[in-house]
Amino acid sequence: MSRTVYVNGAYLPEEEAKVSVFDRGFLFADGVYEVTSVIDGKLIDFEGHAKRLARSLAELEMPNPVTEAELLEIHRELVTRNDLDEGMIYLQITRGAADRDFAYPQDAEPTVVLFTQARSLVDSPAARTGMKVISIPDIRWGRRDIKTVQLLYPSMGKMAAKKAGADDAWMVEGGFVTEGTSNNAYIVTRTGKIVTRHLGEEILHGITRAAVLRFAREAQMEVEERPFTIAEAQEAEEAFITSASTFVMPVVELDGTPIGTGKPGPVATRLREIYLEETRKAAT
Ligand code: PMP
């Protein structure tokens, strides 16, 4: 069945949803995006995603063509029109179409595209078994805090993981883990401390990360925001990742070495439960 897609103010059947070949998103990856999860037809942490979108646009000196209220309205309309119960809403804004030139065009209209993807998120086999991860060098550009659509290296990382019989890759820079290809990375030390890299330009400021760290602290769990190495992760009690579409997902193997018992641990399992419970309550 054909989905309804949003393109620049219009709700269209996906076959009719088109953007220009001169779009700078296509030519220069000159665009930003957000992914918001939908559970029971409701948006998870919409406000966090809208705020980060505004920040990404501002960092790239791109005009913000939609207000937060308009954006919420479009998200809700797509949920309704596509009868979406569980899945994701993908949003992309590019600088728009203009003659090809490295310098930003002065008069381009931003392109705004949103579409839905139905998918089972809460009931996940990977949450029960845990994920296997490999490490790869982090050779991405230096502004990973901006959520741009330049995702080729993360794609390559995901493919390297698949070829190695793993599920994902953790990227390493200067000896320390930055993040996963599309998620933030965490370990739980032998003393039960949750460790994840501090915020900065080296990683994306995950919306799920912010929520999970808040819930962990509220549950009296100890949290330390600092870099960690692959060796430290292999010695850890547990490991896990977070992202808007995977929530909290245990990691049970790193570069072929089992982590802890080699099974999903109690901290990751508990945090997944708390996250789902709390965000469902707050869903809009
Ligand atoms: N890091 C990277 C590189 C990502 O692509 C993502 C997912 N978009 C995340 C972290 C997690 O961010 P969020 O929790 O906002 O989905």
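These numbers were taken from a predicted model, which means no experiment stands behind them.

## Let's talk about the pattern of salt bridges
In this structure the tally under the stated criterion is 27 salt bridges. Salt-bridge contacts for glutamate 59 lead to arginine 143; the nearest nitrogen and oxygen are separated by 2.8 Å. In this pair, glutamate 59 sits in helix α2 (residues 46–59) while arginine 143 sits in the loop between β7 (131–137) and α5 (152–163), placing the two residues 84 residues apart along the sequence. Taking relative accessible area as the criterion, glutamate 59 reaches 36% and is therefore assigned partly exposed. Residue arginine 217 is joined to glutamate 225 by a salt bridge in which the shortest nitrogen-to-oxygen separation is 2.9 Å. Sharing partners across several salt bridges, the network here consists of Arg55, Glu59, Arg143, Asp145 and Glu201.

## Structural notes on the nonpolar core
Nonpolar side chains in soluble globular proteins generally cluster together in the buried interior. If you look at the biggest cluster of nonpolar residues, it comprises 27 residues, and the most contacted ones within it are Ile194, Phe240, Phe247, Val248, Leu271 and Tyr275. Counting residues per element, the ones that place at least two in this core are β3 (31–39), β5 (87–94), β10 (184–188), α6 (207–218), β14 (247–254) and α8 (266–282). Among the elements that make up this core, the one with the highest residue count is α8 (6 residues). Lining this core are residues from two domains, each supplying at least three of them: domain 1 (4–118) and domain 2 (125–282). If we ignore the near neighbours within four places in the chain, the residues touching phenylalanine 240 are Trp170, Asn184, Ala185, Tyr186, Val188, Ile194, Val248, Met249, Pro250, Val251, Ala268 and Leu271. Core analysis: the next-biggest nonpolar cluster, separate from the first, contains 22 residues, Ile74, Leu84, Val112 and Leu114 among them.

## Thoughts on the site of the ligand
Taken together, 18 residues surround the ligand, and among them Arg52, Lys147, Glu179, Ile207 and Thr208 come closest. At 2.7 Å, a side-chain N or O of glutamate 179 approaches a nitrogen atom of the ligand. In the complex, the protein chains occlude 92% of the 390 Å² of accessible area that the ligand would expose alone. Looking at the shell around the ligand, the elements that each hand over two or more residues are α2, β9 (176–180), α6 and β13 (238–243). Across the shell around the ligand, the residue classes tally to 4 nonpolar, 10 polar and 4 charged. For the shell around the ligand, the two domains that each supply at least three residues are domain 1 (4–118) and domain 2 (125–282).

## Brief notes about the packing of α6 against α8
Packing of α6 against α8 brings their axes to within 10 Å, and their N-to-C directions diverge by 105°. On the basis of the axis angle, α6 is roughly perpendicular to α8. Between α6 and α8, the contacting residues are Thr208, Ala211, Val212, Phe215 and Ala216 on the first element and Leu271, Ile274, Tyr275, Glu278 and Thr279 on the second. A breakdown of the residues in the contact of α6 with α8 according to their chemical character gives 7 nonpolar, 2 polar and 1 charged.

## Section: the domain arrangement of the chain
Parsing the chain into structural domains produces domain 1 (4–118) and domain 2 (125–282). Computed over C-alpha atoms only, the centres of domain 1 and domain 2 are separated by 26 Å. The interface of domain 1 with domain 2 comprises 21 residues on the first partner and 20 residues on the second. In this assembly, domain 1 packs against domain 2 so that about 1800 Å² is buried in total across both faces, 61% of it on carbon and sulfur atoms. Across the contact surface, domain 1 and domain 2 share 3 salt bridges. Ionic pairing is found between arginine 55 and aspartate 145, a salt bridge with its closest N-O pair at 2.9 Å. There are 8 residue pairs in polar contact (both at pLDDT 80 or more) connecting domain 1 and domain 2.

## Here's the deal with unusual backbone geometry
Phi is positive for aspartate 40, close to 50°, though the residue is something other than glycine. Examined against the element boundaries, aspartate 40 turns out to sit in the loop between β3 and β4 (42–43). Look at aspartate 255: it is not a glycine, yet its phi comes out positive at around 50°. A relative accessible area of 35% places aspartate 255 in the partly exposed class.

## Here we look at α8
Taking 1.5 Å per residue, 17 residues should reach 24 Å; α8 reaches 24 Å between its end C-alpha atoms and fits that length. Among the residues of α8, those classed as buried are Val267, Ala268, Leu271, Arg272, Ile274, Tyr275, Leu276 and Thr279.

## Some words on a nonpolar patch on the surface
Where nonpolar side chains cluster on the molecular surface, the patch consists of Val21, Phe22 and Phe26 and spans about 360 Å² of accessible area. Take phenylalanine 22: it is sitting in the loop between β2 (10–13) and α1 (24–28).

## Section: the pairing of β2
As paired elements, strand β1 (residues 4–7) and β2 share 4 bridges and run antiparallel to each other. Residue pairing across strands places threonine 4 opposite proline 13, the latter belonging to β2.

Analysis parameters
- Chains are numbered independently. Their residues run from 1 in the order of the written sequence.
- Reporting of local features is limited, given that this is a predicted model, to residues whose pLDDT is at least 70; pairs of side-chain atoms are given and counted only at 80 or more, and all residues count toward the totals for whole chains, interfaces and linings.
- Side-chain calculation: all heavy atoms of the structure are included, whereas hydrogens and water are not.
- Just to be clear on terms, a salt bridge is a Lys or Arg side-chain nitrogen sitting within 4 Å of an Asp or Glu carboxyl oxygen.
- A helix here means a DSSP run of H or I that spans at least four residues, while a strand means a run of E at least two residues long, and both kinds are numbered starting from the N terminus.
- When accessible area is computed with a 1.4 Å probe and restricted to protein chains, residues below 20% of their type maximum are described as buried, those above 50% as exposed, and intermediate ones as partly exposed.
- Throughout, nonpolar core names a set of buried Ala, Val, Leu, Ile, Met, Phe, Trp, Tyr and Cys residues whose side chains join them through atoms within 4.5 Å.
- Residue ranges assigned to the domains are those given by an automatic or database domain assignment.
- Working rule for contacts: check all heavy atoms of both residues, and any pair within 4.5 Å makes them a contact.
- The near set for a molecule or strand comprises every residue that places at least one heavy atom within 4 Å of it.
- Within 3.5 Å is the distance limit for a polar contact, defined as a pair of N or O atoms, with the added protein rule that one can donate a hydrogen and the other accept it, and that residues adjacent in sequence qualify only through two side-chain atoms.
- All accessibility values rest on the Shrake-Rupley procedure with a 1.4 Å probe; residue burial counts only the protein chains present in the view.
- When residue character is reported, Ala, Val, Leu, Ile, Met, Phe, Trp, Tyr, Cys and Pro are called nonpolar, Asp, Glu, Lys and Arg charged, and the others, Gly included, polar.
- For helices, the fitted line uses only the C-alpha atoms of the stretch in contact; every axis is such a line through C-alpha atoms, and the angle between N-to-C directions lies from 0 to 180 degrees.
- Orientation is classified from the angle alone, with under 35 degrees giving roughly parallel, over 145 giving roughly antiparallel, 65 to 115 giving roughly perpendicular, and any other angle giving oblique.
- A 1.4 Å probe defines the accessible area here, and the buried area is the portion of it lost by two parts on being joined, summed over both.
- What a helix should span is 1.5 Å times the count of its residues minus one.
- What makes a patch is a set of residues exposed beyond 30% relative accessible area and free of salt bridges, joined within 9 Å when like-charged and within 5 Å when nonpolar (Val, Leu, Ile, Met, Phe, Trp, Tyr).
- Strands qualify as paired when DSSP identifies two bridges or more between them.

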